[in-house]
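Remarks on the overall topology
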Amino acid sequence: MDVVWFVVLAAFIFCIGAAGVLTRRNPLVVLLCLELMLNAGNLALVAFSRMVGNREGQVFALIVMVVAACEVVIGLGLIVAMYRRRLAIDVDEMRELSG
Amino acid sequence: MTAGGWGWLVVAFPLVGCAVVSLAWRWLPGRSAGWIASGAVLGSFGSAIGALAQLQDRPAHERTVVSSLFDYFHTAGVNVDMGIQVDPLSVFMALVVSGVSFLIHVYSVAYMSSDRGYARYFAYLNYFVFSMLLLVMAGNFVLLIVGWAFVGAASYLLISFWYRRTTATRAGLKAFVMNVIGDVGMVVGAFLIFRETGFLDYQHVFAATDHAFAVNDGTLVAACILFLVGAFAKSAQLPLHTWLPDAMEGPTPVSALIHAATMVTAGVYLIARLHPLFEQAPAAGDVAAIVGCATLLFAATVALVVTDLKRVIAYSTMSQIGYMIMGVGSFAYTAGLFHLMTHAFFKALLFMGAGSVIGAMGGEQSLDKMRGFRRAMPFTFVTFTVGALALSAFPPMSGLFSKDAILAFQLDRGGLYAVLAIVGYIAAGITAFYAFRMVFRVFFGDPVEQAASLEAGELWHGEHFNPATGEAEDTDVGFPGPEHHIAERERPMRAAMAPLALLSIVGGIVFIPGVTDVLERFLEPAFEDSRLAGQQPSVGAEWAGLVLGGMLSVVGIVAAWRMYVYRPGITLRIRDRLPRVHDFLLHKWYFDELYDALVVRPALAFGRFGQTVVETAFVQGVVIGGATSVVRAGTELARAIQNGYLRTYALVLVIGLSGLGLYFLLQSS
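Per-chain numbering applies: the sequence of each chain, read as written, is numbered from 1 onward. Naming scheme: in the order in which they are written, chains are lettered from A and ligands are numbered from 1. In view of the model being predicted, local features appear only for residues whose pLDDT reaches at least 70, and side-chain atom pairs are presented and counted only at 80 or more, with totals across whole chains, interfaces and linings using the full set of residues.

Some words on the overall build of chain A
What counts here: Here a strand is any run of E in DSSP of at least two residues, a helix any run of H or I of at least four, and the numbering for each starts at the N terminus. Residues are defined as contacting one another if the C-beta atoms placed from their backbone atoms lie within 7 Å.
Within chain A, the secondary structure is distributed over three helices and zero strands. Helices and strands in chain A line up, N terminus first, as α-α-α. Oriented by its inertia axes, the alpha-carbon framework of chain A measures out at about 50 × 25 × 25 Å. In chain A, once contacts between residues fewer than 6 apart in sequence are set aside, the share between residues at least 24 apart is 48%.

Right, here's the structure in full:
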């Protein structure tokens, strides 16, 4: 099967993820969409790796998954902490960093 | 020790004295600060004698010793050593400066003893002597200018010594500004010399002068005129003289030190030191001679009408310096320096006597209020009269020989110089008149209240006031101290005045035409390269000049006697008959008014213009206002972007990444 199909699929998934990050206000969903974007990248890496015929791309994909897992741990921890402190679970409410 | 080593000691002693007095003043009891400072200057004098002995041991043509302590700076093409030059000229000056300075220090020990700024005074005084000796001993233009500027700063500090007197601080400022004009001339002149010859030390510059410049070369004349600006500013010659009379606001021994013996003679020394340059540019020498002549006449006429005792002596100083500048400007170096030496003796003596009289008057300086101190102050009367006799060139005082050495030399050169000499003789008669105007008005006539109380054994202590304006003062630091001191009651003051009186009488012995020529033989190695080295008027001509000078002096003294003692009141009638002339002289030929209109007022107006237009409107409005508004607008923009919405940041990130990706895609296709 041509590598183009895989790459197009990856691009679709990436765009869905990006759109979700930009439009959704629930941090949980934003985190999920972020995962979608990362996995779109993983798919592209694996596809290119298969096309070229070496395994380094696969290894990269595994490392990205580990990093993503760590990130999810932190992100979920933050969301739980927000919930515990009875803050609104809404990224637009969290804007104390504005200048 | 070598001559160079002694030369360094000459400079080092007063510096150490200044450091000791200014650091340890808190622990110096009573008059010890004054004695330490005097000792330092005495050390200088001893070292100068040491250098003299070393020089005299050498053969005549090897009496120029250059000694370098370390490199001041060596960069591309500019080599300056921390170097001094010990030769007959610098040793002569060092002897005069340190010797007279020592006596003035001793005088000050008593005279300033009740002043609250006693130690500060002696620290300044030592600093001044150090600067002056550095100026004299310097072996290159850079050190010369350093010493030159130090002297200006020291004179500022000393003139404004009583810093709570506004008249004194203002006089100090005036002196400083005038001196800085001279400093600028010096620096630019030295630069011109450096540009043409490539050297900054005397020996190399003088060796290169004849190749680098044609006679009366434009650049050289310009450089010499610039040096003259420096010399005129320091030596209070026309048209930069106005600071000297005002500088009398300082304590009287300061006037004796700075404005009689040392600083004001720096210009004379400068011309003598740079004589190879001036001889290659005789036009500049003529300028010096003419300006000196104009000054000596101007100052002598003003001294006729001024009523402030110290100011009369100040104008007489200007006049006598005029003689010296005229002498060295027409290449009569030995004569000019001879007059410098005798003048240092008798003028310092006159100032000291004036200080004693002012002490007896309780700070009052006006001649109008003084009368009849002859019996009350016998010692001051005798010494002051000796000084006045020497000033009026009465035979056989030292002043006669030195003044006539200059005038005879000029008559001998003829032409323009003969005209200058005739003016000099006329002014000599005026000099004798105003010198004895002081003597007769201060010491003769019915004793005033102060003199009478002193005769009864009571030193007058009136109210404390500013002698220039009459304002009441206290005696705290920044004003004169509570006690007044007179020579009759203070041994150090007498100890300083007696040797000066003796030297004023016999100082001429070193150079009597046809009899002795010690001074000439001593200074000869320094001036052997002079074009007029061998030229001396004949002994007969010199003696004719001496007789003429002596007669003029007697005429002047007798005229003063007739006007002020024999028939007092003549002067009032003359004043009433010639009110215009009197006004003209009393306003010092309107020089201050002229400068006020030409320089001071425009400068003030310009300053005000700068303040209102340039500073307020342009700098604060446009420059500062513009810069702040740009920064403020920029920060507003940056704040607007940072809105805190996470999604906005993400969107910016995505747009940026997409843009970057698009760019690379377009690039690769």
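Re the overall build of chain B
This is how the line gets drawn: Counts of 20 or more other C-beta atoms within 10 Å of a residue's own C-beta define buried residues, counts of 12 or fewer define exposed ones, and intermediate counts define partly exposed ones; C-beta atoms are placed from the backbone.
Regarding its fold elements, chain B presents 26 helices and two strands. The buried share of chain B, reckoned over its 669 residues, is 52%. Sequence-distant contacts in chain B: of pairs separated by 6 or more residues, those separated by 24 or more amount to 81%.

Focus: the pairing of strand β1 (residues 65-75) of chain B
Which entries qualify depends on this criterion: The pairing criterion for strands is at least two bridges between them, as found by DSSP.
Buried residues are scarce in β1 of chain B, accounting for one of its 11 residues. Hairpin connection of β1 of chain B to strand β2 (residues 78-86) of chain B: two residues between the antiparallel strands, including G77 of chain B at a positive phi of 80°.

Regarding the environment of F440 of chain B
Residues and elements named next belong to chain B. Inspection of the secondary structure puts F440 in helix α18 (residues 416-443). Since 22 C-beta atoms lie within 10 Å of it, F440 is described here as buried. Residues F440 and A560, 120 residues apart in the sequence, show an inter-C-alpha distance of 7.8 Å.

A few points about the interface of chain B and chain A
Heads up, the condition is: Three classes are used, and their members are as follows: Ala, Val, Leu, Ile, Met, Phe, Trp, Tyr, Cys and Pro are nonpolar, Asp, Glu, Lys and Arg are charged, and the others, Gly among them, are polar.
In this assembly, 11 residues from chain B lie in contact with 10 residues from chain A. Those elements giving two or more residues to the side of chain B that touches chain A turn out to be α25 (591-641) and α26 (646-668) of chain B. If one sorts the elements of the side of chain B that touches chain A by residue count, α26 of chain B sits on top with five residues. Classifying every residue of the side of chain B that touches chain A gives six nonpolar, three polar and two charged.

Looking at the nonpolar core
The following threshold applies: Defined on buried residues, the nonpolar core groups Ala, Val, Leu, Ile, Met, Phe, Trp, Tyr and Cys residues joined through C-beta atoms within 7 Å.
Membership of the largest hydrophobic core comes to 223 residues, with the highest contact counts inside it found for F128, L133 and A348 of chain B. No other element matches the 18 residues that helix α15 (residues 333-360) of chain B contributes to this core. Within the second largest apolar cluster, five residues are counted, among which are A10, A44, L45 and A47 of chain A.

Brief notes about unusual backbone geometry
Residues and elements named next belong to chain B. One non-glycine residue with positive phi stands out, namely A236, at about 55°. Relative to the helices and strands, A236 is located in the loop between α8 (218-235) and α9 (243-246). Look at A236 and you get buried, because 27 C-beta atoms sit within 10 Å. Positive phi, normally seen in glycine, also occurs at F331, with a value near 70°. With respect to the element layout, F331 can be found in the loop between α14 (309-329) and α15.

Some words on the packing of helix α10 (residues 252-261) of chain B against α15 of chain B
Residues and elements named next belong to chain B. We count it as follows: For helices, the axis comes from a line fit to the C-alpha atoms of the stretch in contact; other axes are also lines fit to C-alpha atoms, and the angle between any two N-to-C directions lies between 0 and 180 degrees. An angle counts as roughly parallel when it lies under 35 degrees, as roughly antiparallel when it exceeds 145, as roughly perpendicular when it falls between 65 and 115, and as oblique in every other case. Less than a right angle of anticlockwise turn of the near helix away from the far helix marks a crossing as left-handed, whereas a clockwise turn marks it as right-handed.
Where α10 contacts α15, the two axes come as close as 9 Å, and the packing angle between them is 160°. By the angle between their directions, the pair α10 and α15 is classed as roughly antiparallel. α10 and α15 meet at a crossing whose hand is right-handed. Contact residues: α10 offers T252, P253, S255, A256, A260 and A261, while α15 offers A344, K347, A348, F351, M352, A354, G355 and I358. A per-class count over the contact of α10 with α15 returns 10 nonpolar, three polar and one charged.

Looking at helix α3 (residues 56-84) of chain A
Under the convention used in this document: Residue count minus one, scaled by 1.5 Å, sets the expected span of a helix.
Taking 1.5 Å of rise per residue, 29 residues should cover 42 Å, and α3 of chain A covers 42 Å from first to last C-alpha, within 8% of that figure. Phi for R86 of chain A, located one or two positions after α3 of chain A, is positive at around 60°.

Describing helix α11 (residues 266-273) of chain B
Of all eight residues that make up α11 of chain B, eight are buried, and the element is covered over most of its length. Among the residues making up α11 of chain B, those that are buried are A266, G267, V268, Y269, L270, I271, A272 and R273 of chain B.

Examining the packing of helix α3 (residues 88-111) of chain B against α10 of chain B
All names here are of chain B. Here α3 crosses α10 at 170°, and the two axes come no closer than 9 Å. What the angle tells us is that α3 and α10 run roughly antiparallel. Residue-level inspection shows V97, V100, S101, I104, Y107, S108 and Y111 of α3 in contact with α10, the latter providing T252, P253, A256, L257 and A261. Classifying every residue of the contact of α3 with α10 by side-chain character gives nine nonpolar, three polar and no charged.

Structural notes on the pairing of β2 of chain B
Of the strand pairs in this sheet, β1 of chain B and β2 of chain B are connected by eight bridges, and their pairing is antiparallel. Residue D71 of chain B lies in a different strand from β2 of chain B, and its bridge partner there is D81 of chain B.

Overview of the environment of I406 of chain B
Residue and element names in this part refer to chain B. The residue I406 is located in helix α17 (residues 398-413) in this model. It is 7.5 Å that separates the C-alpha atoms of I406 and Y323, two residues lying 83 residues apart in sequence. With sequence-adjacent residues up to four places away left out, I406 is seen in contact with Y323, M326, G327, A332, A335, G336 and H339.

Structural notes on the environment of F70 of chain B
Structurally, the position occupied by F70 of chain B is in strand β1. Distance from F70 of chain B to D81 of chain B, taken between C-alpha atoms, is 6.0 Å for residues 11 residues apart in sequence.

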